[in-house]
Amino acid sequence: MSDIKVWDPLIRIFHWSLVVGFAANALVIDDESKWHIWVGYAIVGLVGFRVFWGLVGTRHARFRDFPPSVSGALGQVQDMATGRVRRHVGHTPLGALMIYNLIVTLLLIGASGYAMTTNLFWGVEWVEEVHEVLVSWAEFSVVLHIAAVLYESRRTGINLPRSMVTGTKTMPADLSRS
């Protein structure tokens, strides 16, 4: 086993701050309150930071380290179906697609939420419906993300939640990595 530093402190702070903010807005804070709006702004700010850090941050934080790849994602699904274990130091291909999905979805939630506060879209039903559909999609994506992290942790023998706390992945030294 070898320990590899993967997630820098800014990525981990971003991740867990996003978890707290999204969970608070989705599950705790009243949708009609000012807190909901301010937490929404904070979430958009966090995602904006993540996009910036994806361009200039540390190696595994950069988007070029995990480009979206349909063929890579299909290969990972095939690995899962056939029992082949391929370990990734950074994000897996499916994990990369989830990150892009969540970034775009959270920005669209923020945009539709902001639109609902403007004179142009105040009380416009379709904008509220778009916002609600996007929140439902984000909630589904988060549940899928958590399930996939737990499944991949078990399947690959790498404790992914622990690595997002400590920043270090403990990787078996004898198997291939990408």
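So, how was this worked out
Residues numbered from 1 in each chain as written. Predicted model: local features only at pLDDT ≥ 70, side-chain atom pairs only at ≥ 80, totals over all residues. Heavy atoms only, no water. Helix = DSSP H or I, 4+ residues; strand = E, 2+ residues; numbered from the N terminus. Buried < 20%, exposed > 50% of the residue type's maximum accessible area, 1.4 Å probe, protein only. Contact = heavy atoms within 4.5 Å. Expected span 1.5 Å × (residues − 1). Arc of directions from axis to C-beta. Axes fitted to C-alpha atoms, helices over the stretch in contact; angles between N-to-C directions. Parallel < 35°, antiparallel > 145°, perpendicular 65-115°, else oblique. Nonpolar A, V, L, I, M, F, W, Y, C, P; charged D, E, K, R; others polar. Patch = residues over 30% accessible without salt bridge, like charges linked within 9 Å, V, L, I, M, F, W, Y side chains within 5 Å. Areas by Shrake-Rupley, 256 points an atom, 1.4 Å probe, with all protein chains shown as cover. Salt bridge = Lys/Arg side-chain N within 4 Å of Asp/Glu carboxyl O. Lys, Arg positive; Asp, Glu negative; His and termini not counted. Charge placed at Lys NZ, Arg CZ, Asp CG, Glu CD.

Q: Please clarify how the overall build of the protein chain should be interpreted in this entry.
A: The number of helices and strands found in the protein chain is six helices and two strands. Listing the helices and strands of the protein chain from first to last along the sequence gives β-α-α-α-α-α-α-β. Viewed in the frame of its principal axes, the protein chain has a C-alpha envelope of about 60 × 30 × 30 Å. Residues classed as buried in the protein chain amount to 37% of the 178 residues present. Considering only contacts in the protein chain between residues 6 or more positions apart, those separated by 24 or more positions represent 67%.

Q: Even after reading the chapter, I still don't get helix H3 (residues 70–82), so can you show me in this structure?
A: One turn of an α-helix holds 3.6 residues; hence residues three or four places apart share an orientation. The first and last C-alpha atoms of H3 sit 18 Å apart over 13 residues, in line with the 18 Å expected at 1.5 Å per residue. Taken together, the buried positions of H3 are Ala73, Gly75, Gln76 and Asp79. Take H3 and look down its axis: the buried residues cluster within an arc of 160°, on one side only. Seen from the open side of H3, the exposed residues pointing more than 90 degrees away from its buried face are Val70, Ser71, Leu74, Gln78, Ala81 and Thr82. For H3, the elements touching its buried residues are helix H4 (93–115) and helix H5 (125–156). Directly beyond the C-terminal end of H3, a positive phi value near 85° is found at Gly83.

Q: Would you mind showing me how to read the packing of H3 against H4 here?
A: The geometry of a pair of packed helices is captured by two quantities: the angle between their axes and the separation between those axes. Contact geometry of H3 with H4 gives a least axis separation of 7 Å together with a crossing angle of 130°. In this view, H3 runs oblique relative to H4, as classed from their interaxial angle. On the side of H3, the interface is formed by Gly72, Ala73, Gln76, Val77 and Met80, while H4 contributes Pro93, Leu94, Gly95 and Leu97. Residue composition of the contact of H3 with H4, by class: six nonpolar, three polar and no charged.

Q: Looking at this model, I keep getting lost on a negative patch on the surface. Mind explaining?
A: Residues Asp30, Asp31, Glu32, Glu125, Glu128, Glu129 and Glu132 make up a contiguous surface patch of negative charge. Along the chain, the position of Glu132 falls in helix H5.

Q: I would appreciate a short explanation of the pattern of salt bridges in the present structure.
A: Any two side chains of opposite charge can pair if their charged atoms end up close together. For the structure on display, the rule yields three salt bridges. When the shortest N-O distance is used, the salt bridge between Arg155 and Glu152 registers 2.6 Å. Of this pair, Arg155 and Glu152 are both found in helix H5, three residues apart, which corresponds to roughly one turn of the helix.

Just distances and angles here, no functional claims.
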